[in-house]
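# Secondary and tertiary structure notes
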Amino acid sequence: LNIVLSKEACAALRLKRHTKSLQFKDTLDDTWKQPDDATKLIASSHHKSIHQVQNDLYIGHGLLHSKHSKANLWNMFCWKKNQDKENSNHSKVVLQTLVQEQKSKYLTLSNEEQVELLTKFTEWKETKKTSVHVTAKLKINDIMQTLKAVKNELKSLHCCTCTESILYTTCGSMDVLLRGVTFATQGVNNFIDTIMGIDNQDLVSKMEGFTIQRIKGSAKNHQKHVSDKCTKIHDIINQKLHNDTGTKMQWVHYFCNIVQWHQVVVEGWLDQIPFMNLSQVLSALPDLQMLCNRWDNSATYWKFLSDEEFKKLCLEHEEKLKSGV
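Now for a description of the structure that goes with this document.

The rules we used
Residues numbered from 1 in each chain as written. Predicted model: local features only at pLDDT ≥ 70, side-chain atom pairs only at ≥ 80, totals over all residues. Heavy atoms only, no water. Core = buried A, V, L, I, M, F, W, Y, C linked by side-chain atoms within 4.5 Å. Buried < 20%, exposed > 50% of the residue type's maximum accessible area, 1.4 Å probe, protein only. Helix = DSSP H or I, 4+ residues; strand = E, 2+ residues; numbered from the N terminus. Contact = heavy atoms within 4.5 Å. Phe/Tyr/Trp six-rings, centres within 6.5 Å; stacked < 30°, edge-to-face > 60°. Axes fitted to C-alpha atoms, helices over the stretch in contact; angles between N-to-C directions. Parallel < 35°, antiparallel > 145°, perpendicular 65-115°, else oblique. Left-handed = near helix turned anticlockwise from the far one by under 90°. Nonpolar A, V, L, I, M, F, W, Y, C, P; charged D, E, K, R; others polar.

Take the nonpolar core next. It is characteristic of soluble globular proteins that their nonpolar side chains tend to be buried jointly. Within the largest apolar cluster, 29 residues are counted, with the highest numbers of intra-cluster contacts made by Trp269, Trp295 and Trp302. In terms of residue count, the dominant contributor to this core is helix H10 (residues 218-245) (six residues). Ignoring any residue separated from it by four or fewer positions in sequence, one finds Trp295 in contact with Ile233, Ile236, Ile237, Lys240, Val266, Trp269, Thr300, Tyr301 and Trp302. Ranked by size, the runner-up nonpolar core spans seven residues in total, among them Met76, Tyr106, Leu109 and Phe121.

The subject of this paragraph is the packing of aromatic side chains. Across all of its chains, the model carries six aromatic pairs by this definition. Both rings, one in Trp295 and one in Trp302, keep their centres 6.4 Å apart while their planes meet at 50 degrees; by these two values the pair is tilted. With a relative accessible area of 0%, Trp295 lands in the buried category. Exposure remark for Trp302: the relative accessible area of 2% places this residue in the buried category. One aromatic cluster in this structure is built from Trp251, Tyr254, Trp269, Phe275, Trp295 and Trp302.

Here helix H11 (residues 254-262) crosses helix H13 (residues 307-323) at 165 degrees, and the two axes come no closer than 11 Å. In terms of axis orientation, H11 runs roughly antiparallel to H13. Judged by the sense of rotation from one axis to the other, the crossing of H11 with H13 is left-handed. Contact residues: H11 offers Phe255, Val259 and Gln260, while H13 offers Phe310, Leu313, Cys314 and His317. Here the residues of the contact of H11 with H13 sort into five nonpolar, two polar and no charged.

In the Ramachandran plot, Gln263 falls in the positive-phi region, its phi being about 60 degrees despite a non-glycine side chain. Note on placement: Gln263 falls in the loop between H11 and strand S3 (264-267).

Interpretation in functional terms is not warranted from these geometric data alone.
If you want it as structure tokens, here you go:
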């Protein structure tokens, strides 16, 4: 059964999805604020510095810490007897009786035999260790928490010594899709923007490509991932626009042939990605993935304009043309 929704129903459905997406984002933001509030509360209650509390609460800080215990010679002897074929199938009760019978042998162990037993037991114990599975999400959390701590330290340094700092971070492999992160104090930021004329997002994207090129085979793989993601986003844009208006996207004549003709605009586009043909934009792969996800969950969508919204948008467009923007 194929059900065709009216334009009003589609608009209401898009609005509902958009509202849910905003509520989800607000909930995530509130959740991320909780560790910060807890850090300040613990620091003030126990007279500790925020830096110390952040280090102790650091995500993944205790995951790789294992419990260390000294090997006991008697336990090693019991283990050795349990490894013998003739004793391997006995129950614990029978094994305890057997060990009591072998106690005299245990007491007569020489130093060389003790060292040999310790070596074998250590080798066996290494094979029984439980490893920690580190997922890509944990890696990203680890990176972001570290960068947050670094930013706080740089801000504190700037307040205390007026030191200007700049920080660029980007992924160096295909294992973790990390969006490029930039940070600069006000003096450096003004210098880069006004004097150097460098766009931070453009620079970080180039850094990402240059870093991945050092890994054999990853450069072409990364380029293909970016190209495939751009193609997928273009297909989604065209498909949703065609479903709403029956036409295809025209990037060059977007305002004249799409906005003015069909009275629709793209709502929810990411600020860090210029609104133009993605094949002509240098964007980081994580940003493209985020934009693709936003189109999938309708956080970014085609919005039908009311007559008042359309008139206001046309006036703003004319003002931009007059000012040369």
